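Topology and contacts: notes
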2 protein chains.
Amino acid sequence: MIVNFSQRAHNHNFESDWAVRSLLDTDFYKLLMLQFIWKHFPDVPVSFGLINRTKSVRLADELDEAELRRQLDHVRELRFRRSELIWLAGNTFYGRRGIFEPEFIEWLADFELPPYRLERRDGQFELRFDGPWTHSTMWEIYGLSIVNELRTRAGLARMTEFELDIFYARAKAKLWDKIERLRGVQGLAVADFGTRRRHSFLWQEFVVQAMEAELDGAFTGTSNAYIAFKHDLEAIGTNAHELPMVLAALATDDRSLADAQYRVLELWQRTYGGALLVMLPDTYGTTQFLERAPQWVTGWTGIRIDSKNPATAGEEYIDWLTSRGVDPRDKRILFSDGLDVGDILDLHARFAGRIKAGYGWGTLLTNDFRGCHPRRTADFEPISLVCKVKEAGGRPAVKLSDNYLKATGPAAEIARYRALFGTAGVANVPVLV
Amino acid sequence: MIVNFSQRAHNHNFESDWAVRSLLDTDFYKLLMLQFIWKHFPDVPVSFGLINRTKSVRLADELDEAELRRQLDHVRELRFRRSELIWLAGNTFYGRRGIFEPEFIEWLADFELPPYRLERRDGQFELRFDGPWTHSTMWEIYGLSIVNELRTRAGLARMTEFELDIFYARAKAKLWDKIERLRGVQGLAVADFGTRRRHSFLWQEFVVQAMEAELDGAFTGTSNAYIAFKHDLEAIGTNAHELPMVLAALATDDRSLADAQYRVLELWQRTYGGALLVMLPDTYGTTQFLERAPQWVTGWTGIRIDSKNPATAGEEYIDWLTSRGVDPRDKRILFSDGLDVGDILDLHARFAGRIKAGYGWGTLLTNDFRGCHPRRTADFEPISLVCKVKEAGGRPAVKLSDNYLKATGPAAEIARYRALFGTAGVANVPVLV
């Protein structure tokens, strides 16, 4: 066996790969939303805050702050590469070419992340990203994936080479067992939605390649723009809660607050259209959203279910479409909340043939190492790390969601929003990931 | 990532590693038996035959004959290395130094395997090894491990790189689950006995290193002399059926035939002694062996159970010791037939504290890839490949064993032996490995 001296020498000095290797290494919907924000809200200051909802895991005790800063600083030094911008400009997304305008691409070429604020409180890190919405918004995914990967690395550092080998062997075997359960299921449409809570970049890339190799048409793509670019896959995703949250925060009276959730849709369909018209109705409660929705909302391609029991939410959407005179079989429903393979199969059994169902598989695709540690310790239980809009235009931002436990914002503001939107269909469900 | 040009270029031209890399890559007991044969039977011609008992697997259709010959020819070119001979001469085996005489070590330095005869019949390979017993005996393990590893490689060659990755990930996860079940069990003594039916040399080495790393004192060593040498582990094993089989074949009358099984023990204890006095009583049936055994046989350290239901055989040995006035707690019992982790735990639960029980874990330690193939095909089901004495001194050799299905030899000879030894305690049990 010939020694690879350069590799051995490099490994001796090895600190780590960068957790984020490219500005494209984010969810594709952030880029769609970024163009939307750049077009319609170029001057709104918006703050994001990153917190760990799993209080039992004291991240600030586990992770090295200097290393966290080093990784965050590195993303601030990244710029979009020419090849990446050419891909954004020239590639077909959701069947359409030129989805990103030349002026936006030009603007992206100079894009640079704003500074971050990092504090420690009660054994946790609190990260705050301030700046124009056009800039602060992009921190969300980088921040989440960096913290998650550093947590991974802290766990890996406590293992011997041999234990690492077993650890990853188990994870691969586990992943494969999941893929086997999906293989051959007719009409399935599963996408990777796991960037933000991934174990690591390399593991997400491996998982995506495994899905692509094995699930044929049933694997529809990845939410990760960089992985889509690198492996010539479909980039998936449309929009997120931050749009209605910011528009709601900017509302000056109750009327415009109540309308904000539809105003987002109006602006979005003016900006994009076609397959990109997938709405996310749960920001202030799905039930009130659908009940009060103007008839033109039924023209949207589909819906994404994020915080409600997925079977309930799917039935509710089908009932709503039917009551509005629309055939559900022409519409899409995308499930994306804490799915694992069993949930996907259950939902597919329920909804196949009734509606075009798709599955955005996140944490439990790209970060399911439960039971893989050779010593069965809990180091690799996924945690619930989130990055949410805190303020927009100097006013607090609020999300109610379909789950009381997922509401965010100051208590008084939550109360004000609840008074306006009601709590129909809202439940109390433990948050796993 | 810097390209390792030499490795890439080598891999492009890669045929395969040698299945057998050293003459030490054999079961340690072959070396003990070799010295015994060299000492007491230097001139007896003995033929060995290698066959596949799993007829459903047509090896001659699956394996390339030219490659098989290339691998067999390579072992004929091997010689014991100086460092290996020094280890044999200087190392402590079973607590004793100098177990191999200087003259024997000198003789080994010139050791060279005799030619082999390879034929195809009914989709099977038949390998025949003729020559003086001092030479033909050594073919057994090399021949078996080569055929097994070539079968492995034929299966691997049908997989993509990605499938191989999952295949080995599953195998490692499976191995680790087994090791986890053994970890922490008090008083366990498990050894690797898996050379002959291993998946490959590298896999056996990995498995042994995993056991050594994880089972602390419960892993007592390996039967593989080369792996013991390379990793500074205890080499385990004493003797096998070929000794009574050859002595029985050489017997000129019924009286000496009936005595051959004890004559082996007499000669063995004259040659070795102490911890090496582990008898293998099942060549012509355990029950008759124990019943007719002279009282001095109770002085032996222990027994190895190979073809009888292990619980039954263990109880029978304990009863025999008790009936002969010996405390079983001073004696050893080594189980070595087709064990998997569940059997080991069952037997340990039954015998711990009653007798010093040990476990020689073979095929299902070093070649359990059942269910690991990414497509769940049957390529890697273990097969029952054996290499047995066919003739000694021009006369047919016979083994009866405790299982009718494991009897070997011409039918007429088996009948003659059965008339002499009886069939007390012999059963009919399917042979898995």
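Worth saying up front: this structure is predicted, and the values here are computed from it rather than measured.

Focus on the UniProt feature "domain: Nicotinate/nicotinamide phosphoribosyltransferase" (unreviewed entry) in chain A
UniProt's feature table lists "domain: Nicotinate/nicotinamide phosphoribosyltransferase" (unreviewed entry) at residues 189-409 of chain A, given in the numbering used throughout. A distance of 34 Å separates the end C-alpha atoms of residues 189-409 of chain A, which is 38% helix and 15% strand.

Points about the nonpolar core
Side chains that are nonpolar tend, in soluble globular proteins, to be buried together. Judged by nonpolar contacts, the single largest core of 142 residues is most densely connected at Leu 88, Phe 100, Trp 268 and Trp 361 of chain B. Counting residues per element, this core draws most heavily on helix 2 (residues 28-40) of chain B, at nine residues. Both domains that furnish three or more residues to this core are identified here as domain 1 (17-158 + 383-421) and domain 2 (161-366) of chain B. Look past the residues within four positions of Phe 100 of chain B in its chain and what remains in contact with it is Phe 28, Leu 31, Leu 32, Gln 35, Leu 88, Phe 93 and Ile 105 of chain B. Formed by 140 residues, the second largest nonpolar core is a distinct cluster that contains Phe 41, Phe 129, Leu 267 and Leu 339 of chain A.

Structural notes on the UniProt feature "modified residue: Phosphohistidine" (unreviewed entry) in chain A
Residue and element names in this part refer to chain A. Sites flagged by UniProt as "modified residue: Phosphohistidine" (unreviewed entry) map to His 241. Take His 241: it is sitting in the loop between helix 11 (225-231) and helix 12 (242-250). For His 241, the residues in contact, after removing those within four places along its chain, are Leu 280, Asp 282, Thr 283, Asp 306, Lys 388 and Lys 399.

Points about the relation of the copies chain B and chain A
For these two chains of identical sequence, chain B goes onto chain A by a turn of 180° and a shift of 0.0 Å along the axis, with RMSD 0.0 Å. Each copy turns onto its partner about a two-fold axis. Closest to the rotation axis within chain B is the C-alpha of Ala 169 of chain B, separated from it by 2.0 Å. Most of the interface of chain B is mirrored in chain A, where 95% of its interface residues again form contacts.

Some words on the sheet that holds strand 4 (residues 116-121) of chain A
Residues and elements named next belong to chain A. Strand order in the open sheet formed by five strands is 4-5-1-12-13, with antiparallel pairing between adjacent strands. Both edges of this open sheet fall to strand 4 and strand 13 (395-396), since each of them pairs with a single strand only. Sheet topology note: the strand 1 (residues 46-52)/strand 12 (residues 385-392) ladder contains seven bridges and is antiparallel. Bridged to Ser 47 within strand 12 is Glu 391. Packed on one face of the sheet, helix 12 meets strand 1, strand 12 and strand 13 and runs near 25° to strand 12.

Comments concerning helix 6 (residues 102-109) of chain A
Residue and element names in this part refer to chain A. Residues Phe 104, Ile 105 and Leu 108 constitute the buried set of helix 6. For helix 6, the angular spread of the buried residues around the axis is 100°, confining them to a single face. Exposed residues pointing more than 90 degrees away from the buried face of helix 6 are listed as Pro 102 and Glu 106. Those residues of helix 6 that are buried are in contact with helix 2 (28-40) and helix 5 (82-90).

Section: the pattern of salt bridges
Taken as a whole, this structure holds 88 salt bridges over all chains when the rule is applied. Between Asp 25 of chain A and Arg 198 of chain A there is a salt bridge, with its nearest N and O atoms 2.7 Å apart. With Asp 25 of chain A in the loop between helix 1 (5-12) and helix 2 and Arg 198 of chain A in the loop between strand 6 (190-192) and helix 10 (201-214), this pair connects stretches of sequence that are 173 residues apart. Just as Asp 25 of chain A is buried, Arg 198 of chain A falls in that class too. Here Arg 79 of chain B ties to Glu 112 of chain B by a salt bridge, and the two come within 3.1 Å at their closest N and O atoms.

Some points on the pairing of strand 12 of chain A
Remark: a regular strand shows side chains that alternate across the two faces of the sheet. Buried residues dominate strand 12 of chain A, accounting for six of its eight residues. Taken together, strand 12 of chain A and the strand that follows it, strand 13 of chain A, pair antiparallel across an intervening segment of two residues, in which Gly 393 of chain A is found at a positive phi of about 55°.

Considerations on the interface of chain B and chain A
Contacts between the two partners involve 21 residues from chain B, matched on the other side by 20 residues from chain A. Interface area for chain B against chain A, summed over the two sides, is near 1,900 Å², with a carbon-plus-sulfur share of 55%. At the junction of chain B and chain A, the tally comes to 12 salt bridges. With its nearest N and O atoms 3.0 Å apart, the salt bridge here joins Glu 180 of chain A to Arg 170 of chain B. On the surface where chain B and chain A come into contact, there are 14 residue pairs in polar contact (both at pLDDT 80 or more). Among the secondary structure elements, those contributing two or more residues to the side of chain B that touches chain A are helix 9 (161-182) and helix 10 (201-214) of chain B. Looking at the side of chain B that touches chain A, the element that brings in the most residues is helix 9 of chain B, giving 10 residues. When its residues are assigned to classes, the side of chain B that touches chain A shows nine nonpolar, three polar and nine charged.

The rules behind the values
- Residues numbered from 1 in each chain as written.
- Chains lettered and ligands numbered in written order.
- Predicted model: local features only at pLDDT ≥ 70, side-chain atom pairs only at ≥ 80, totals over all residues.
- Heavy atoms only, no water.
- UniProt positions renumbered as here; feature names shortened; annotations may be inferred.
- Helix = DSSP H or I, 4+ residues; strand = E, 2+ residues; numbered from the N terminus.
- Core = buried A, V, L, I, M, F, W, Y, C linked by side-chain atoms within 4.5 Å.
- Buried < 20%, exposed > 50% of the residue type's maximum accessible area, 1.4 Å probe, protein only.
- Domains from an automatic or database assignment.
- Contact = heavy atoms within 4.5 Å.
- Least-squares fit on C-alpha atoms with pLDDT ≥ 70 in both.
- Pairing = 2+ DSSP bridges.
- Axes fitted to C-alpha atoms, helices over the stretch in contact; angles between N-to-C directions.
- Arc of directions from axis to C-beta.
- Salt bridge = Lys/Arg side-chain N within 4 Å of Asp/Glu carboxyl O.
- Buried area = accessible area lost by both parts, 1.4 Å probe.
- Polar contact = N/O pair within 3.5 Å; in protein donor to acceptor, adjacent residues only side chain to side chain.
- Nonpolar A, V, L, I, M, F, W, Y, C, P; charged D, E, K, R; others polar.

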